[in-house]
Amino acid sequence: MILSGKQIADQILDEIQEKIQNGSRKRPPHLAVVLVGEHPASLSYIAMKQKACEKVGIESKLHHFQSTISQQELTEVIQKLNQDPKVDGILLQLPIPDHLSQEHFIELISPEKDVDGFHPINLGRLLAGETGGFIPCTPLGIYELLNRGQIVTKGAHVVILGRSRIVGMPLAVLLAQKQGANSTVTICHSASFNIKALAKEADILVAAMGKAEFVTADMVKEGAVVIDVGINRVEDPSKEKGYRLTGDVSFEAVSQKAKMITPVPGGVGPMTVALLMHNTWKAFEQQCAKH
Ligand code: GUN
């Protein structure tokens, strides 16, 4: 059975739209989107994020810079957005060019406006089980997908393939917490012995290593739930654009074995966007409560 992220994301967007419409704040929430360069995937992600903003009633402004912008110039841009009381959330689309320090900018964004949840303070809050911070959108989206998809997580063995700062690592922390998913979590990565055998033990298998169709049917337990975080562009001359999108899971074969599986596109991607809207709304509420 297909676990449609798109359907659940639409529900979440409707809920946020309602909260914004029925709220008593004097202005709409505002998300500042910062893009450096013309990375094709980034352009497409940003278009989806801005479309969702429009749908729910969040004002979004794109601050688009050439890839030659200096560290100092971009620093000033972020500092200005940090200080602007009308900006609730700041999203710096990653990756940024190599001459700019990703770590510097992640730490420069004010933790109160860090709707991506990548700042060490917000990652620390997640680790401490505090609820006031921001949790990265993809892990939070996967948590919501499992919750709203009525998948039993308590005690379930979740195997996560990939340990990135954006997905694997925060997801492991989130799902292991007692207040919440309460799962047993294993993280696999490039140095893990026998990934196939570990993956096969999963009640819930999360593929987030960014390798096209890496997860094959022989790595999946009969009746497992499979969450595919990958979005890979694979060359395909038969397509108009010259490529097709595929996940980290071999969808056709694995869907025969899995009880539930998320598609690509239409799975985790829309959930990430929906939870970005949630985080922006949360930042807005916190900001309004302060003033
Ligand atoms: N690049 C890929 N995924 C993400 C994300 O979730 N947030 C940001 N800012 N950049 C990304």
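Check the entry above for the structure.
Residues numbered from 1 in each chain as written. Predicted model: local features only at pLDDT ≥ 70, side-chain atom pairs only at ≥ 80, totals over all residues. Heavy atoms only, no water.

Visitor: Explanation requested: helix α7 (residues 168-176) in the structure shown.
Guide: Working note: α-helix, 3.6 residues per turn, so residues spaced by three or four point in the same direction. Burial in α7 covers these residues: Gly168, Pro170, Leu171, Ala172, Leu174 and Leu175. Elements that come into contact with the buried residues of α7 comprise α5 (120-128), α6 (137-148), β4 (157-161), β5 (184-188) and β6 (204-207). (Buried < 20%, exposed > 50% of the residue type's maximum accessible area, 1.4 Å probe, protein only. Helix = DSSP H or I, 4+ residues; strand = E, 2+ residues; numbered from the N terminus. Contact = heavy atoms within 4.5 Å.)

Visitor: Even after reading the chapter, I still don't get the packing of aromatic side chains, so can you show me in this structure?
Guide: Per the stated rule, a full pass over the model turns up zero aromatic pairs. If you follow Lys19 out to its NZ or CZ, it ends over the ring of Trp281, 4.0 Å from the centre. (Phe/Tyr/Trp six-rings, centres within 6.5 Å; stacked < 30°, edge-to-face > 60°. Lys NZ or Arg CZ within 6 Å of the ring centre and 35° of its normal.)

Visitor: Help me out: how do you make sense of the nonpolar core in this one?
Guide: A general tendency of soluble globular proteins is for nonpolar side chains to be buried together. Counting 54 residues, the largest nonpolar core has Ile142, Ile204, Val206, Ile227 and Met277 as its most contacted members. The leading source of residues in this core is helix α10 (residues 268-290), at eleven residues. The contacts of Met277, once residues within four sequence positions are left out, are Leu13, Ile16, Lys49, Ala52, Cys53, Val56 and Ile58. Counting 19 residues, the second largest nonpolar core, distinct from the first, contains Val34, Ile96, Ile106 and Leu108. (Core = buried A, V, L, I, M, F, W, Y, C linked by side-chain atoms within 4.5 Å.)

Visitor: Help me understand the pattern of salt bridges in this model?
Guide: Opposite charge on two side chains permits them to pair, given that their charged atoms come into close proximity. Going through the model one piece at a time under the given rule, you end up with twelve salt bridges. In this structure, a network of salt bridges that share partners links the residues Glu15, Glu144 and Arg148. (Salt bridge = Lys/Arg side-chain N within 4 Å of Asp/Glu carboxyl O.)

Visitor: Sorry, what's going on with the site of the ligand here?
Guide: In the vicinity of the ligand, the contacting residues are Lys49, Leu92, Gln93, Leu94, Asp116 and Phe118. Its free accessible area being 280 Å², the ligand has 83% of it covered by the protein chains. Here the shell around the ligand is composed, by residue class, of three nonpolar, one polar and two charged. (Near = heavy atom within 4 Å. Areas by Shrake-Rupley, 256 points an atom, 1.4 Å probe, with all protein chains shown as cover. Nonpolar A, V, L, I, M, F, W, Y, C, P; charged D, E, K, R; others polar.)

Visitor: Would you take a moment to explain the sheet that holds strand β3 (residues 89-92) for this structure?
Guide: In a beta sheet, neighbouring strands pair by backbone hydrogen bonds and run either parallel or antiparallel. Pairing is parallel in the open sheet, where three strands are placed in the order β2-β1-β3. The open sheet is flanked by β2 (59-65) and β3, the only strands paired with a single partner. Each neighbouring strand pair of the sheet contributes to a mean axis angle of 20°, computed without reference to strand direction. As judged from the seven bridges shared by strand β1 (residues 30-36) and β2, these two strands associate in the parallel manner. Residue pairing across strands places Leu31 opposite Ser60, the latter belonging to β2. Running over the sheet, helix α3 (residues 71-83) touches β1, β2 and β3 and is turned about 175° from β1. (Pairing = 2+ DSSP bridges. Axes fitted to C-alpha atoms, helices over the stretch in contact; angles between N-to-C directions.)

Visitor: I would appreciate a short explanation of the sheet that holds β4 in the present structure.
Guide: In spatial order, the strands read β5-β4-β6-β7-β10; together these five strands make up an open sheet with parallel pairing. Sheet topology places β5 and β10 (260-261) at the edges, where each strand pairs with a single neighbour. Inspection of the sheet shows β6 paired to strand β7 (residues 225-228) by four bridges, in the parallel sense. Residue pairing across strands places Leu205 opposite Val226, the latter belonging to β7. Across the sheet, α7 lies against β4, β5 and β6, angled at about 165° from β5, the strand it touches most.

Visitor: Can you help me understand the packing of α5 against α7 in this one?
Guide: Two numbers describe a pair of packed helices, the interaxial angle and the distance between the axes. Between α5 and α7, the least distance of the axes is 9 Å, while the angle of their chain directions is 30°. Taken as axis vectors, α5 and α7 run roughly parallel relative to one another. Contacts between α5 and α7 involve Leu123, Leu126 and Leu127 from the former and Pro170, Val173 and Leu174 from the latter. Of the residues that constitute the contact of α5 with α7, the class distribution is six nonpolar, no polar and no charged. (Parallel < 35°, antiparallel > 145°, perpendicular 65-115°, else oblique.)

Visitor: Help me understand the layout of surface pockets, please; the structure alone is not making it clear to me.
Guide: Where empty space is left in the structure can be found by rolling a water-sized probe over the atoms. Empty space within the second largest pocket amounts to approximately 310 Å³. Breaking the lining of the second largest pocket down by element, the ones donating at least two residues are α6 and α10. Ranked by residues supplied to the lining of the second largest pocket, first place goes to α10 with three residues. Looking at side-chain class alone, the lining of the second largest pocket contains six nonpolar, eight polar and two charged residues. (1 Å grid on protein atoms, 1.4 Å probe; cavity = no way out; pocket = protein on both sides within 12 Å on 5 of 7 lines; lining within 4 Å. Points joined across faces, edges and corners; volume = space filled by probe spheres on them.)

So, to be careful, I would describe these as geometric facts and stop short of saying anything about function.
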